[in-house]
2 protein chains.
Amino acid sequence: MGYFPIGLRKEGFSLTEDTIVRAKSLAQQAYHLIREAILSGRLQPGERFIESRWAMEWNISRSPVREAVRVLVAEGLLQENGNGYEVFRPSLQDFHDLYEMRLAIEAMAARLAAERIKEPTLVKLQENVEQTQRAVTTGDGPGIISYNTEFHLLIVESTNNSRLIHSFQSYTPLIDYYCLLVLTLNQQQTDIVAEHQAVVDALRAKQATDAYERMFLHIRHDLTVIERM
Amino acid sequence: MGYFPIGLRKEGFSLTEDTIVRAKSLAQQAYHLIREAILSGRLQPGERFIESRWAMEWNISRSPVREAVRVLVAEGLLQENGNGYEVFRPSLQDFHDLYEMRLAIEAMAARLAAERIKEPTLVKLQENVEQTQRAVTTGDGPGIISYNTEFHLLIVESTNNSRLIHSFQSYTPLIDYYCLLVLTLNQQQTDIVAEHQAVVDALRAKQATDAYERMFLHIRHDLTVIERM
DNA sequence: ACGGTGTTTACTGTCGGCTGTCGACTGCAT
DNA sequence: ATGCAGTCGACAGCCGACAGTAAACACCGT
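Values in this document were obtained by computation on a predicted structure and should not be read as measured data. (Residues numbered from 1 in each chain as written. Chains lettered and ligands numbered in written order. Predicted model: local features only at pLDDT ≥ 70, side-chain atom pairs only at ≥ 80, totals over all residues. Heavy atoms only, no water.)

Caption draft 1: Highlighting the overall build of chain A. On a plain count of helices and strands, chain A comes out with nine helices and three strands. Secondary structure of chain A in N-to-C order comes out as α-β-α-α-β-β-α-α-α-α-α-α. Looking at chain A as a whole, 49% of its 229 residues are labelled buried. The contacts in chain A between residues at least 6 apart in sequence include a share of 73% that link residues at least 24 apart. Of the roughly 11,800 Å² of accessible surface on chain A, 53% is carried by carbon and sulfur atoms. (Helix = DSSP H or I, 4+ residues; strand = E, 2+ residues; numbered from the N terminus. Buried < 20%, exposed > 50% of the residue type's maximum accessible area, 1.4 Å probe, protein only. Contact = heavy atoms within 4.5 Å. Areas by Shrake-Rupley, 256 points an atom, 1.4 Å probe, with all protein chains shown as cover.)

As structure tokens, then:
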């Protein structure tokens, strides 16, 4: 007991596995499950979060759930509410703050990337822009979103700065979360291709301030489009 | 038992209090104590961190200590080490990454502050610059550091952006930490006053891009000075 | 000496239970 | 009805104990 992934603990498991795999701690599994439940919207914003319910649900004790909760509170996805916890309640102000954070991180990332990016990444970025173009013309909504995410990730990663990357990864799901809750989609803008292309051009030319400027305008454009709704 | 602040649990406490005060949870107290111990250098980098030792030390059970550890791991101040934990081991690369993070956050903050800063804050900033000037001329090292910290904090706070502020507050102690460990002091540069003054001037003139640029150069200057050592 | 195999030890992960607190409910007096 | 005290159920904070594990140690045949 206590070593099988949540959800398999009663039903048993297949013995046909050919490698030995050590399950993550229950606390970590609980963390990921709760996080996923919040970000996917299965847990409503403001909904009360009760440790013991989930512990029972998963047939584990409250300790690992508590530890997961501690981390989620630190990350802001859960909030202490007098006595008890509730799911983070997003506000427009938060969303605005988040976008300014994006501006800070990603514009800086573009600036740094201009000096550090490698040829293979540039190639990938160029491909990405073209794939985005196709997705836009064919009206492939999910495609646009996923290519867009990849575009920004590639640039942030090419800074080789672990803090920027970590920060980026911590707020990216939140943006999707807001879009899920508040907005239908923010991909109506067709300028995205041109703006991405401008960033790539600046990166290719190793023009740091130019890359910064392009990325800054791109994200701020996104923000103003969203705010108009 | 279990409801008095750590350190008072055996000695009892005065009954002359005239207000009811709720003690912070043991987990929160443990969190702050551990964090303080790390940042002050009393816990050496790389030193193994043993939950049960500290629980015994404080006469509490391991549960609250564990919860504190969870948060500190999430923040990066403790690291999982196979089986067990150890104190975050800073590296030069980390320090460099941290400074680029500063560039991202604080340059953006200056940009936003230019549009949002209020007159009283501008006055405070101007006073701050003059106090810094005096501290520099009298060779008051600690004074320079504390005025410098205040300067940057004032600007970040005047963005009214909770994410930027939170990010700033999470890395600020780390910078002091690095300075404590690696460097004697990074305040040998006397340009600090002129650079701060330039930022304040740009803010007063509501020149966003100018404020951005000044702050960017100021912090990068700091970084290059440090790196030369 | 030395690789390999028990064995101890010191720790983390998890559990179930106890206690304090809060909010809702109940019943009584006004 | 209304205000108040008492009661109760639900939940978080905390605890002591147990189980599992990794590294250090001791032992052994070679």
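Caption draft 2: The arrangement of the packing of helix 5 (residues 119–138) of chain B against helix 8 (residues 192–204) of chain B in detail. All names here are of chain B. Taken N-terminus to C-terminus, the directions of helix 5 and helix 8 make an angle of 170 degrees; their axes are 10 Å apart at the nearest point. Taken together, the axes of helix 5 and helix 8 are roughly antiparallel relative to one another. Every pair of crossing elements has a handedness; the one defined by helix 5 and helix 8 is left-handed. Of the residues in helix 8, those touching helix 5 at Glu119, Leu122, Leu125, Gln126, Asn128, Val129, Thr132, Gln133 and Val136 are Ile192, Val193, His196, Gln197, Val200, Leu203 and Arg204. (Axes fitted to C-alpha atoms, helices over the stretch in contact; angles between N-to-C directions. Parallel < 35°, antiparallel > 145°, perpendicular 65-115°, else oblique. Left-handed = near helix turned anticlockwise from the far one by under 90°.)

Caption draft 3: Broad picture of the pattern of salt bridges. Within the structure shown, the criterion is met by 20 salt bridges over all chains. Here Glu67(B) ties to Arg66(A) by a salt bridge, and the two come within 2.7 Å at their closest N and O atoms. With Glu67(B) in helix 3 (residues 62–75) and Arg66(A) in helix 3 (residues 62–75), the pair connects residues from two separate chains. Here Arg89(A) ties to Glu86(A) by a salt bridge, and the two come within 3.0 Å at their closest N and O atoms. Given the relative accessible area of 11%, Glu86(A) is considered buried. Through salt bridges with shared partners, one network takes in Glu51(A), Arg62(A), Arg66(A), Arg70(A) and Glu67(B). (Salt bridge = Lys/Arg side-chain N within 4 Å of Asp/Glu carboxyl O.)

Caption draft 4: Focus on the relation of the copies chain B and chain A. For the pair chain B and chain A, the best superposition has an RMSD of 0.2 Å and corresponds to a rotation of 180 degrees with a translation of 0.0 Å parallel to the axis. Both copies of the chain, as the preceding transformation shows, are related through a two-fold rotation axis. Mapped onto chain A, 100% of the interface residues of chain B are again interface residues, and the two copies thus contact each other with one and the same surface. (Least-squares fit on C-alpha atoms with pLDDT ≥ 70 in both.)

Caption draft 5: Spotlight on the nonpolar core. Core analysis: the largest hydrophobic core is formed by 140 residues, its most contacted members being Ile155(A), Leu203(A), Ile155(B) and Leu203(B). The contact partners of Ile155(B), leaving out residues within four places of it in the chain, are Ala109(B), Ala110(B), Ala113(B), Leu125(B), Val199(B), Leu203(B) and Met215(B). (Core = buried A, V, L, I, M, F, W, Y, C linked by side-chain atoms within 4.5 Å.)

Caption draft 6: Representation of the protein's contact with DNA strand C in the model. Around DNA strand C sit 23 residues, and of these Leu26(A), Ser61(A), Arg22(B), Arg53(B) and Arg66(B) come closest. By atom count, sugar and phosphate contribute 72% of the portion of DNA strand C lying within 4 Å of the protein. The side chain of Arg66(B) places a nitrogen or oxygen atom 2.6 Å from a phosphate oxygen of DNA strand C. Here a phosphate oxygen of DNA strand C sits 3.4 Å away from a polar atom, N or O, in the side chain of Tyr85(B). Going through the elements one at a time, helix 1 (26–39) and helix 3 of chain A together with strand 1 (48–49), helix 2 (51–58) and helix 3 of chain B are the ones with two or more residues in the surface near DNA strand C. Looking at the surface near DNA strand C, its residues break down into eight nonpolar, seven polar and eight charged. (Near = heavy atom within 4 Å. Polar contact = N/O pair within 3.5 Å; in protein donor to acceptor, adjacent residues only side chain to side chain. Nonpolar A, V, L, I, M, F, W, Y, C, P; charged D, E, K, R; others polar.)

Caption draft 7: Region of the structure containing the interface of chain B and chain A. Across the contact, 32 residues belong to chain B and 33 residues belong to chain A. Counting the surface lost from both chain B and chain A, the interface buries some 2,600 Å², and carbon and sulfur atoms represent 52% of this. Ranking the residues of chain B by area buried against chain A places Glu67(B), Glu100(B) and Arg163(B) at the top, with a combined share of 24%. Counting every contact that joins chain B to chain A gives six salt bridges. (Buried area = accessible area lost by both parts, 1.4 Å probe.)

Caption draft 8: Just the sheet that holds strand 1 (residues 48–49) of chain A, in detail. Residue and element names in this part refer to chain A. Taking strand neighbours across the sheet as the criterion, the three strands line up as 1-3-2 in an open arrangement whose pairing is antiparallel. Edge positions in the open sheet fall to strand 1 and strand 2 (78–80), since each of these has one partner strand only. One ladder, built from two bridges, connects strand 1 with strand 3 (residues 85–87); its direction is antiparallel. Its bridge partner being in strand 3, Phe49 is matched across the sheet by Tyr85. (Pairing = 2+ DSSP bridges.)

Caption draft 9: Region of the structure containing the environment of Phe49(B). Residue and element names in this part refer to chain B. Its location among the elements puts Phe49 in strand 1. Note on Phe49: relative accessible area 3%, which makes it buried. Distance in space between the C-alpha atoms of Phe49 and Glu86 is 4.9 Å, their sequence separation being 37 residues. Not counting residues within four places of it along the chain, the set of residues in contact with Phe49 comprises Ile34, Leu43, Trp54, Val65, Val69, Leu78, Tyr85 and Glu86.

Caption draft 10: Region of the structure containing the environment of Arg163(A). Position of Arg163(A) relative to the elements: it lies in helix 7 (residues 162–181). Apart from the residues within four sequence positions on either side, Arg163(A) is in contact with Phe88(B), Asp94(B), Asp97(B), Leu98(B), Met101(B) and Leu174(B).

Caption draft 11: Fine view of the packing of helix 1 of chain A against helix 3 of chain A. All names here are of chain A. Direction vectors running N to C along helix 1 and helix 3 enclose 50 degrees, while the axes themselves pass 8 Å from each other. When the axis of helix 1 is compared with that of helix 3, the two are oblique. For helix 1 against helix 3, the interelement crossing comes out right-handed. Along its contact with helix 1, which presents Leu26, Ala27, Ala30, Tyr31, Ile34 and Arg35, the element helix 3 presents Pro64, Glu67, Ala68, Val71, Leu72 and Glu75. Here the residues of the contact of helix 1 with helix 3 are counted per class, giving nine nonpolar, no polar and three charged.

Caption draft 12: Structural context of the packing of aromatic side chains. Considering all chains together, one arrives at 15 aromatic pairs over all chains under this definition. Measuring from ring centre to ring centre gives 5.8 Å for Phe49(B) and Trp54(B), while their planes differ by 5 degrees; the resulting arrangement is stacked. Connected via pairs of aromatic rings, a cluster forms that spans Phe95(A), Tyr99(A), Tyr177(A) and Tyr178(A). Cation over ring: Arg111(A) sits above Phe216(B), and NZ or CZ is 3.8 Å from the ring centre. (Phe/Tyr/Trp six-rings, centres within 6.5 Å; stacked < 30°, edge-to-face > 60°. Lys NZ or Arg CZ within 6 Å of the ring centre and 35° of its normal.)

Caption draft 13: Here's a closer look at the side chain of Asp97(A). You can see Asp97(A) is positioned in helix 4 (residues 92–116). It is Arg116(B) that comes nearest to the buried, bridge-free Asp97(A) among opposite-charge side chains, at 5.8 Å. Ignoring sequence-local partners within four residues, the contact set of Asp97(A) consists of Asn160(B), Asn161(B), Ser162(B) and Arg163(B). (Lys, Arg positive; Asp, Glu negative; His and termini not counted.)

Caption draft 14: Broad picture of helix 4 (residues 92–116) of chain B. End to end, helix 4 of chain B covers 35 Å across 25 residues, agreeing with the expected 36 Å (1.5 Å per residue, within 8%). Across the 25 residues of helix 4 of chain B, 20 count as buried, placing the element largely inside the fold. (Expected span 1.5 Å × (residues − 1).)

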